[in-house]
Amino acid sequence: LAKTTQPISMDSYEGQEVNITCSHNNIATNDYITWYQQFPSQGPRFIIQGYKTKVTNEVASLFIPADRKSSTLSLPRVSLSDTAVYYCLVGPGNTGKLIFGQGTTLQVKP
Amino acid sequence: NAGVTQTPKFRILKIGQSMTLQCTQDMNHNYMYWYRQDPGMGLKLIYYSVGAGITDKGEVPNGYNVSRSTTEDFPLRLELAAPSQTSVYFCASSYPDRLNEKLFFGSGTQLSVL
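First, a word on scope: everything that follows refers to the structure included in this document. None of these values were measured; they are calculated from a predicted model. (Residues numbered from 1 in each chain as written. Chains lettered and ligands numbered in written order. Predicted model: local features only at pLDDT ≥ 70, side-chain atom pairs only at ≥ 80, totals over all residues. Heavy atoms only, no water.)

Let's talk about the pairing of strand E9 (residues 104-109) of chain A
Residue and element names in this part refer to chain A. The condition is simple: Under the scheme applied here, a residue whose accessible area is under 20% of the maximum for its type counts as buried, over 50% as exposed, and between as partly exposed, the area being computed with a 1.4 Å probe on protein chains only. Under the DSSP-based scheme used, a helix requires at least four consecutive residues in state H or I and a strand at least two consecutive residues in state E, with every element numbered from the N terminus. Only strands that DSSP links by at least two bridges are regarded as paired with each other.
Burial along E9 is one-sided: the residues Thr 104, Leu 106 and Val 108 are buried and none of Thr 105, Gln 107 and Lys 109 is. As paired strands, strand E1 (residues 9-13) and E9 are joined by five bridges and run parallel to one another. Bridged to Met 10 within E9 is Leu 106. Here three bridges tie strand E8 (residues 84-91) to E9, and the two strands are oriented antiparallel to one another. When the bridges of E9 are listed, Ala 84 appears paired with Leu 106.

Shown next, in the form of structure tokens:
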């Protein structure tokens, strides 16, 4: 299983773009990259998923370089409500053994 | 649909007591998971199941047991509660059919062992 490394914490201000990078040097050919968001006292929720290049949805963008050894979650124009912990998860979903890394705590300031 | 439902939401146990954390999902997901999250820390996988009758250990299975008699339910059993098991427990589920499945989480059970 690919191990992931993320920054422990990041600070930003409202209205700024935030980029959180996840390193996964041992990613396998059939692994996908999935990002989750967790607010205090809640379970994580799915944000975005990708395999290669760029994926965009209404919440975020995910950039994956050609070698797939890292990925970057991009949150455009963050607000105070984006303050949360963000987890990068790498793996094939059909193995069942999905291991989370330590996550990145994003603090958005006014 | 209710999604993933966990009960109870809060529980206080004395050392040595036993309890079962309940988890049920109504999305017909074959895969189900139990994670624990200690204060200020990330999620640790306790047990997972890829279908009824099939369970397997995760990262931190000691002190816990699970069973999966139906697709919908995946209870987590603590036999002899210890203070180290004070944590928030999350149940999750997902589809099995594709490589890129995403997890759906319940709202958690906050457990204190005193």
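Comments concerning the sheet that holds E1 of chain A
Residues and elements named next belong to chain A. Inclusion rule: Fitted lines through C-alpha atoms give the axes, limited to the stretch in contact for helices. The angle between two N-to-C directions lies from 0 to 180 degrees.
What the five strands build is an open sheet, ordered E1-E9-E8-E3-E4; its pairing is mixed. A single partner strand is all that each edge strand has here, and the edge strands are E1 and strand E4 (45-50). In this sheet, adjacent strand axes meet at a mean angle of 25° when their direction is disregarded. In this structure, strand E3 (residues 32-38) lies alongside E4, joined through five bridges in antiparallel fashion. What sits directly across from Tyr 36, in E4, is Phe 46.

Brief notes about the state of the cysteines
Put simply, the rule is: Sulfur atoms of two cysteines make up a disulfide when they are within 2.5 Å.
Within the structure shown, the criterion is met by two disulfides over all chains. Residue pairing for Cys 22 of chain A: its cysteine sulfur links by disulfide to Cys 88 of chain A, the two sulfurs lying 2.3 Å apart. Looking down the S-S bond of the Cys 22 of chain A and Cys 88 of chain A bridge, the torsion is -80°, so its handedness is left-handed. Of the two residues, Cys 22 of chain A is situated in strand E2 (residues 18-23) and Cys 88 of chain A in strand E8; the sequence distance between them amounts to 66 residues. We classify Cys 22 of chain A as buried; its relative accessible area is 0%. Accessibility expressed as a relative area gives 0% for Cys 88 of chain A, which makes it buried. At a sulfur-sulfur separation of 1.9 Å, the disulfide partner of Cys 23 of chain B is Cys 91 of chain B. Disulfide Cys 23 of chain B-Cys 91 of chain B: the torsion about the S-S bond is -75°, which places it as left-handed. You can see Cys 23 of chain B sitting in strand E3 (residues 19-25) and its partner Cys 91 of chain B sitting in strand E9 (residues 87-94), a full 68 residues away along the chain. Overall, the relative accessible area of 0% leaves Cys 91 of chain B in the buried class.

Quick word on the packing of aromatic side chains
Threshold: Pairing of aromatic rings covers Phe, Tyr and Trp, the last through its six-membered ring, and needs centres within 6.5 Å; plane angles under 30 degrees mean stacked, over 60 mean edge-to-face, and all others mean tilted. Two limits define a charge over a ring: the Lys NZ or Arg CZ must be within 6 Å of the ring centre, and within 35 degrees of the ring normal.
By the definition in use, this model includes eleven aromatic pairs over all chains. Here Tyr 87 of chain A and Phe 100 of chain A contribute two aromatic rings whose centre-to-centre distance is 5.5 Å and whose plane-to-plane angle is 90°, an arrangement assigned as edge-to-face. Highlighted residues: Tyr 87 of chain A in strand E8 and Phe 100 of chain A in the loop between E8 and E9, separated in sequence by 13 residues. Of the two residues, Tyr 87 of chain A and Phe 100 of chain A, neither departs from the other in class, the shared state being buried. With a centroid separation of 6.3 Å and 25° between ring planes, the pair formed by Tyr 33 of chain B and Tyr 35 of chain B is classed as stacked. Here the aromatic residues Tyr 36, Phe 46, Tyr 87 and Phe 100 of chain A together with Tyr 33, Tyr 35, Phe 90 and Phe 105 of chain B are joined through ring pairs into a cluster of three or more. Here the basic side chain of Arg 68 of chain A rests over the ring of Tyr 51 of chain A, its NZ or CZ set 3.9 Å away from the ring centre. Just above the ring of Phe 46 of chain A sits the side chain of Lys 102 of chain B; from NZ or CZ to the centre is 4.5 Å.

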